[in-house]
Amino acid sequence: MSRSHVDHKDILRFAEEQVNLSRDKASTFREQARRVREKVEEYLSEHDDFELKKILLSGSLAKGTALKTLNDIDMACYISGSEVPSDIEKLLDYLAERLRKIYPNIDASQVKSQTYSVTISFKGTGLDIDIVPIIYDGDPDWYGNLVSQDDGSFLKTCIPRHLNFIRKRKSKNQNNFAQVVRLVKYWKRNMKQSNANFKFKSFMIELILAKLADDGVDFSDYPEALQAFFTYIAKTDIREQIAFSDYYSLSKIGSFTEPVQIIDPVNEENNASKLYTNSQADFIVDLALDAGDAIDSALSATTKKKTVYYWQKVFGPTFQV
């Protein structure tokens, strides 16, 4: 197997130049999120009866898996109180109204209710912060119910435990786990651009890679780690149940009927892939097979031109060496 034209270091260089959110931008985004958190906490300290109990960074920026194309920040906002609406639309309006009280100096139009979140748009930095409400009833581990982006239903979750779950896999694989996640997400983005019907949640990608990390896959060689991901999908037809015992016993997992079963690591009752049909799963498998074949061909190609051609089948025309 030839590595003379494209090797691990070349994939890393491509990631640093084209895939990863730069450190400067990540710092800017985190600083904006910190200011929002401090603003909310300051308001809470002066209003004991206010219903916002906690706000924290979430999503890919918090996990360290954000792509260069990231254009907004995800935060989770824990809300408690008897006056909190159970209707989703009213809940979002309720959150927006209170965020406007926290930011009296910005135009009310800059705080908007979206389908499943409230967005604060800061004109100075041009950044948007998407705040997802979580209904909280005092759980010491910060479990609560958020509005699922899959179907709009309320879903039990725990943001701190989700972040710790990823942090644990990152710590065992240094920077490599997060980097492979970003590379696979970039592949997904490339596939989506040419296949409008392609659907593959980033959360599912993270959990598949977490399973491979737990199984001992070496993430320090990026071509091999990528190949391990695509090979796993091909071999299992993405129909093998994936679950984790970090926060619950596997014996507590119930019976699921959906074709794809990737179980939420903080909620044994939630199948993170429950809405995926057989045809959607088959599409993932087909594209994973294509990507695996392309990597095999790239690693055995005899010329640099052919090697780059095959890697571009995975990452698109931005891949250059």
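On a predicted model such as this, the values are computed, not experimentally measured, just so you know.

Q: Looking at this model, I keep getting lost on the pairing of strand β1 (residues 52–58). Mind explaining?
A: Burial analysis of β1 places 5 of its 7 residues in the buried class, which makes it a mostly covered element. Pairing between β1 and strand β2 (residues 72–79): 6 bridges, direction antiparallel. Across the sheet, residue Leu56 finds its bridge partner in β2, namely Ala76.

Q: Please explain the pattern of salt bridges as it appears in this structure.
A: A side chain with one charge may pair with a side chain of the opposite charge, provided their charged atoms come close. In total, this model carries 15 salt bridges according to the counting rule given. A salt bridge links Lys168 to Asp246; its shortest N-O distance comes to 3.6 Å. Taken together, the residues Lys168 in helix α5 (residues 159–172) and Asp246 in the loop between α8 (222–236) and α9 (278–300) connect sequence positions 78 residues apart. We classify Lys168 as partly exposed; its relative accessible area is 37%. Asp246 gets classed as partly exposed once you look at its relative accessible area, which sits at 26%. The shortest N-O distance in the salt bridge between Arg169 and Asp246 comes to 2.7 Å. Note that Arg169 is positioned in helix α5 and Asp246 in the loop between α8 and α9, a separation of 77 residues in sequence. One salt-bridge network, held together by shared partners, links Glu31, Arg34, Arg35 and Glu38.

Q: Would you take a moment to explain helix α2 (residues 23–46) for this structure?
A: Since the α-helix advances by 3.6 residues per turn, residues separated by three or four positions end up pointing in the same direction. The terminal C-alpha atoms of α2 lie 34 Å apart, and with 24 residues this matches the ideal 34 Å at 1.5 Å per residue to within 8%. For α2, the complete set of buried residues consists of Ala26, Phe29, Gln32, Ala33, Val36, Val40, Tyr43 and Leu44. Along its buried surface, α2 packs onto β1, α3 (59–63), β2, α4 (88–102) and β5 (128–136).

Q: Even after reading the chapter, I still don't get the layout of surface pockets, so can you show me in this structure?
A: One water molecule sets the probe size; rolling that probe over the atoms shows where empty space is left. In this structure, the largest pocket spans a volume of roughly 1,200 Å³. In this structure, the largest pocket is lined by 39 residues; those nearest its centre are Gly59, Asp74, Gln149, Ser202 and Phe203. Where the lining of the largest pocket is concerned, the elements lending two or more residues are α3, β2, β5, β6 (144–147), β7 (154–157), α5, α6 (176–194) and α7 (202–214). The greatest single-element share of the lining of the largest pocket, amounting to 4 residues, is contributed by β2. Its residues assigned to classes, the lining of the largest pocket shows 15 nonpolar, 12 polar and 12 charged.

Q: Any chance you could explain the packing of helix α1 (residues 8–19) against α6 here in plain terms?
A: Angle between the axes and distance between the axes are the two parameters that describe a pair of packed helices. Direction vectors running N to C along α1 and α6 enclose 65 degrees, while the axes themselves pass 11 Å from each other. The orientation of α1 with respect to α6, classified from their angle, is roughly perpendicular. Handedness of the crossing formed by α1 with α6: left-handed. Contact residues: α1 offers Ile11, Leu12, Phe14, Ala15, Gln18 and Val19, while α6 offers Gln179, Arg182, Leu183 and Tyr186. Per-class residue counts for the contact of α1 with α6 are 7 nonpolar, 2 polar and 1 charged.

The rules behind each value
- Residues numbered from 1 in each chain as written.
- Predicted model: local features only at pLDDT ≥ 70, side-chain atom pairs only at ≥ 80, totals over all residues.
- Heavy atoms only, no water.
- Buried < 20%, exposed > 50% of the residue type's maximum accessible area, 1.4 Å probe, protein only.
- Helix = DSSP H or I, 4+ residues; strand = E, 2+ residues; numbered from the N terminus.
- Pairing = 2+ DSSP bridges.
- Salt bridge = Lys/Arg side-chain N within 4 Å of Asp/Glu carboxyl O.
- Expected span 1.5 Å × (residues − 1).
- Contact = heavy atoms within 4.5 Å.
- 1 Å grid on protein atoms, 1.4 Å probe; cavity = no way out; pocket = protein on both sides within 12 Å on 5 of 7 lines; lining within 4 Å.
- Points joined across faces, edges and corners; volume = space filled by probe spheres on them.
- Nonpolar A, V, L, I, M, F, W, Y, C, P; charged D, E, K, R; others polar.
- Axes fitted to C-alpha atoms, helices over the stretch in contact; angles between N-to-C directions.
- Parallel < 35°, antiparallel > 145°, perpendicular 65-115°, else oblique.
- Left-handed = near helix turned anticlockwise from the far one by under 90°.

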